[in-house]
Amino acid sequence: MVLYLLIYFIIILSATISVIAKKLINSAIMLAVLSIGVSILLFIYGAVWAAVFELSVCAGLITVLFISAVSLVKNDEESLSENRVKYIVFPFILIAIIIISSIFVPEYFLELQKFSTYNTEKEKPIGEFIWIYRGVDIIGQLTLLASSVFIIKHIFFKNKNIKENGGDI
Amino acid sequence: MVTDFLSYSLIPLFSALAIPFISRKSQRITEILANVTLLSGLINVGYIIGYHIVKMDFLSFTYDAFALLMIFTIYLVGLSIVFFSTYYDIEKDVNLTSYYSLILISVSAMTSLVIARDFFTLYIFMEAISVCSFALITSSSNKNSIEAAIKYFFLTFPASALIIFGISILMLNYGGFDFDTIKLTNINFLTVISLSFIIIGFLIKGGIAPFHFWTPDVYEGSYSPISAFLAGIVTKIGGIYAIIKISQILLNTDAGFRISKLLLFTGMLSVLLGAFGAIVQKDFKRMLAYSSISQMGYIILASATFSPLGIFAAVFHLVNHATFKTVLFLNSACVEKETGTTNMDELKGLEHRMPYTSWTSIISLFSTAGLPPLSGFWSKLLIIIALWQAGNKYYAVIALVSSIITFAYFMIMQKKIFFGKLPEKLNNIKEARTPLLIPVVVISVLIIVIGVFFNRVYPLLEKI
């Protein structure tokens, strides 16, 4: 139970930080932490397929995409002068959620466990699952990752030229 | 995934990844690497197919003929586009490194898609193709291309949602997405529902009527070589291929019979809408787009018979369509480059100045219309026989009549652009540069050779 609550806490904490973080890069990293937390939770409940896809696609692929995109717009970010004081309310909401969830969530988790249908696959280590059962997806993800990087390059290159030409397309 | 063919998928991918590193010193190296990668792959796969066709020895042929033919077509069109782009004088605001890398990644993803053995892998690579296409459409700096990219995004990405929804129902039903699992298990109502979602998703991706609205705008708005790439192979592999594959899985099954009616109707609608739509078009590329919709309808009609003959007719028409549509779109690119327009009302008598472009167009349009002895004739004949044998006689008649309409609109196109007296304002027009003509001439020769030696190709198709 402590483990569940810990993961749940990490998920909420990382979600909150990803919203209130001032630097986009921190926000992207926190989103990855959130995805990892969710995938561990899914794995514990025996939804191995969902866990693997959450981990590899959301935590892996999307984070890399975000970070590469953020690194491209890094210069603009420094001139950002947004007032973020109002977001200070989020930690308080977070504390309230933790208190409430510590009362209700444990029962909810036990209830959820009844729906677990892939308990047989639970025994397999996650590494084996990724490499043996979904090995092909690694090539797929490599393809998607490579295409994403080139797409960013392709579109941003054009954008740079448009800016240089005075905004005319 | 068939590991025999994995190298055809991995080599272009690694070449694409290598391009940014080696292109720093000279842009020329990028072009050479892209051409050499695809040429070597084409020679390799061409040798395997050619050896068996020339020797007429199909007993020792142990490969997956469907996948092999698709890989050959992908590499042929991919190489034509890359070679054409090398000499096309691409606009300065296009990043050449990412342009060639994206084409190579598309080729890699399409190859992986045709060798996939389960729906989820198929979906992943289909998405990779879609995102690459989206970026490639924006290559040109005019407003039309950006509009086309946005339309492509908004109309084809909801299709992905339908496909993934269908896949998740399959997962719920079988606990896996393997083609073999689905083939060997009893097909129930949920399977039909999930496959229907998947099919509708792929029909949108393939630009089949009534989901064809994005196709003409995208083909017209894209950068010319990219239009040829999209129309020639990308939308076919990213959309139509999966439908033929589903047809192959559900061969002679009850579910196939149930889905058959839906597919036959959309196929017929596509054939007719495409054909009648093409007649009224004034833009060269737009007319070719409508023609593409019509020809895709034939493939859907053939695969909707769920019979072995229908399936290999569909595969053969897919290969043929890739060849003749690539030639026609590349010719439109040459005409656009030389005259600065694709509006057919402004063009006339170009045959006097562009004879090679005109004659390769004639070969391709004869093949599209199904005139013997060109390759298109055989595929259309097989489609009509398959429809007739499956008891869909009305559809067979419609397919035959539409073939005549196809011939009519292409003759209108040929007359408007190439025949007649050359107007004075077009007197300075020259034939496109020789390297630009090489891909179209080679593919045109291939269209004739496949048509004339069809008796040698037929045993290969029977292996599908």
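Residues numbered from 1 in each chain as written. Chains lettered and ligands numbered in written order. Predicted model: local features only at pLDDT ≥ 70, side-chain atom pairs only at ≥ 80, totals over all residues. Heavy atoms only, no water.

### Points about the overall build of chain A
In terms of regular secondary structure, chain A is built from eight helices and zero strands. In sequence order, the secondary structure elements of chain A are arranged as α-α-α-α-α-α-α-α. Evaluated residue by residue, chain A yields a buried proportion of 34% over its 169 residues. A separation of at least 24 residues holds for 73% of the contacts in chain A among residues at least 6 apart in sequence. (Helix = DSSP H or I, 4+ residues; strand = E, 2+ residues; numbered from the N terminus. Buried < 20%, exposed > 50% of the residue type's maximum accessible area, 1.4 Å probe, protein only. Contact = heavy atoms within 4.5 Å.)

### Some thoughts on the pattern of salt bridges
All names here are of chain B. Counted according to the given criterion, the structure contains nine salt bridges over all chains. For arginine 117, the salt bridge identified is with aspartate 64, shortest N-O distance 2.5 Å. You can see arginine 117 sitting in the loop between helix 4 (96-114) and helix 5 (119-137) and its partner aspartate 64 sitting in the loop between helix 2 (27-55) and helix 3 (65-86), a full 53 residues away along the chain. The network of salt bridges with common partners includes Glu147, Lys151, Asp217, Glu220 and Arg286. (Salt bridge = Lys/Arg side-chain N within 4 Å of Asp/Glu carboxyl O.)

### Section: the interface of chain A and chain B
The interface of chain A with chain B comprises 22 residues on the first partner and 40 residues on the second. Roughly 2,600 Å² is buried in total at the junction of chain A and chain B, and carbon and sulfur atoms are behind 77% of that figure. Our count for the chain A to chain B interface comes out at zero salt bridges. On the surface where chain A and chain B come into contact, there are zero residue pairs in polar contact (both at pLDDT 80 or more). (Buried area = accessible area lost by both parts, 1.4 Å probe. Polar contact = N/O pair within 3.5 Å; in protein donor to acceptor, adjacent residues only side chain to side chain.)

### Structural notes on the confidence of the model for chain B
Should pLDDT be low for a region, the predicted coordinates there are not to be read in detail. Overall, the prediction assigns chain B a mean pLDDT of 88, with 99% of residues at 70 or greater. Model confidence for the complex is summarised by a pTM of 0.83, with the ipTM given as 0.80. (pLDDT = per-residue confidence, 0-100.)

### Quick word on the nonpolar core
Ranked by internal contacts, the top residues of the largest apolar core, which has 182 residues, are Phe119, Phe229 and Leu350 of chain B. Inspection of this core shows a minimum of three residues originating in each of domain 1 (1-73 + 86-115) and domain 2 (124-159) of chain A. Excluding its chain neighbours within four sequence positions, the residues that come into contact with phenylalanine 119 of chain B are Ile167, Leu170, Phe177, Phe179, Ile182, Leu195, Ile198, Ile246 and Ile249 of chain B. Counting seven residues, the second largest nonpolar core, distinct from the first, contains Ile7, Leu34, Ile44 and Tyr45 of chain A. (Core = buried A, V, L, I, M, F, W, Y, C linked by side-chain atoms within 4.5 Å. Domains from an automatic or database assignment.)

### Side note on empty space enclosed by the protein
Residue and element names in this part refer to chain B. Enumeration over the complete set of coordinates arrives at one cavity of 30 Å³ or more. The computed volume of the largest cavity comes to approximately 70 Å³. Around the largest cavity, the lining residues are Met126, Ile129, Ser130, Tyr152, Thr156, Lys205, Trp214, Val234, Thr235, Gly238 and Gly239. If you tally residues by element for the lining of the largest cavity, the top one is helix 10 (residues 224-249), at four residues. Here the residues of the lining of the largest cavity are counted per class, giving five nonpolar, five polar and one charged. (1 Å grid on protein atoms, 1.4 Å probe; cavity = no way out; pocket = protein on both sides within 12 Å on 5 of 7 lines; lining within 4 Å. Points joined across faces, edges and corners; volume = space filled by probe spheres on them. Nonpolar A, V, L, I, M, F, W, Y, C, P; charged D, E, K, R; others polar.)

### Things to note about the packing of aromatic side chains
All names here are of chain B. Enumeration over the complete set of coordinates arrives at 24 aromatic pairs over all chains. With centroids separated by 5.5 Å and ring planes inclined at 80°, the aromatic side chains of phenylalanine 312 and tyrosine 458 adopt a geometry described as edge-to-face. With phenylalanine 312 in helix 13 (residues 308-339) and tyrosine 458 in helix 18 (residues 454-462), the pair connects residues that are 146 residues apart, well separated along the chain. We classify phenylalanine 312 as buried; its relative accessible area is 7%. Members of the aromatic cluster, connected to one another through ring pairs, are Phe312, Phe316, Phe377, Trp378, Phe454 and Tyr458. In this structure, lysine 337 packs its charged tip against the face of tyrosine 88, placed 5.0 Å from the ring centre. Seen from the ring of tyrosine 298, lysine 380 lies directly overhead, with NZ or CZ sitting 4.3 Å from the centre. (Phe/Tyr/Trp six-rings, centres within 6.5 Å; stacked < 30°, edge-to-face > 60°. Lys NZ or Arg CZ within 6 Å of the ring centre and 35° of its normal.)

### Here's the deal with a nonpolar patch on the surface
Residue and element names in this part refer to chain B. On the surface, a nonpolar cluster with roughly 580 Å² of combined accessible area is contributed by Tyr356, Val441, Val445, Ile448, Val449, Val452 and Phe453. Counting residues per element, the nonpolar patch draws most heavily on helix 17 (residues 434-452), at five residues. Of note, valine 441 is situated in helix 17. In this structure valine 441 comes out as partly exposed when scored by relative accessible area, which is 32%. (Patch = residues over 30% accessible without salt bridge, like charges linked within 9 Å, V, L, I, M, F, W, Y side chains within 5 Å. Areas by Shrake-Rupley, 256 points an atom, 1.4 Å probe, with all protein chains shown as cover.)

### Digging into the environment of aspartate 4 of chain B
The topology assignment puts aspartate 4 of chain B in the segment before helix 1 (6-22). Placed 383 residues apart in sequence, aspartate 4 of chain B and leucine 387 of chain B show a C-alpha to C-alpha distance of 34 Å.

### With respect to helix 11 (residues 254-279) of chain B
Under the 1.5 Å per step criterion, the end-to-end length of helix 11 of chain B is 39 Å for 26 residues, consistent within 8% with the ideal 38 Å. Serine 260 of chain B marks the point of greatest bend in helix 11 of chain B, at about 35°. (Expected span 1.5 Å × (residues − 1). Bend = angle between axes of the 7 residues up to and from the residue.)

### Comments concerning the packing of helix 11 of chain B against helix 16 (residues 393-417) of chain B
All names here are of chain B. Following both chains from N to C, one finds helix 11 and helix 16 inclined at 20°, their axes separated by 9 Å at the closest point. The angle between helix 11 and helix 16 places the two elements in the roughly parallel class. In this structure, helix 11 meets helix 16 at a crossing whose hand is left-handed. Counting all contacts with helix 11, which are made through Leu264, Phe265, Met268, Val271, Leu272, Ala275, Phe276, Ala278 and Ile279, the residues of helix 16 involved are Tyr395, Ile398, Ser402, Ile405 and Tyr409. For the contact of helix 11 with helix 16, a count of residues per class yields 13 nonpolar, one polar and no charged. (Axes fitted to C-alpha atoms, helices over the stretch in contact; angles between N-to-C directions. Parallel < 35°, antiparallel > 145°, perpendicular 65-115°, else oblique. Left-handed = near helix turned anticlockwise from the far one by under 90°.)

### A few points about the confidence of the model for chain A
On average, residues of chain A score 72 in pLDDT, and 67% of them reach the 70 mark or higher. Confidence, expressed as mean pLDDT per element, reaches its minimum in chain A at helix 6 (residues 119-122) of chain A with 49 and its maximum at helix 2 (residues 24-44) of chain A with 84.

### Structural notes on unusual backbone geometry
Residue and element names in this part refer to chain B. In this chain, alanine 209 is followed by proline 210 through a cis amide linkage whose omega measures 5°. Checked against the element boundaries, proline 210 lands in the loop between helix 8 (189-206) and helix 9 (214-221). Proline 373 follows proline 372 through a cis peptide bond whose omega is 5°. Tracing the sequence through the fold places proline 373 in the loop between helix 14 (355-369) and helix 15 (375-389).

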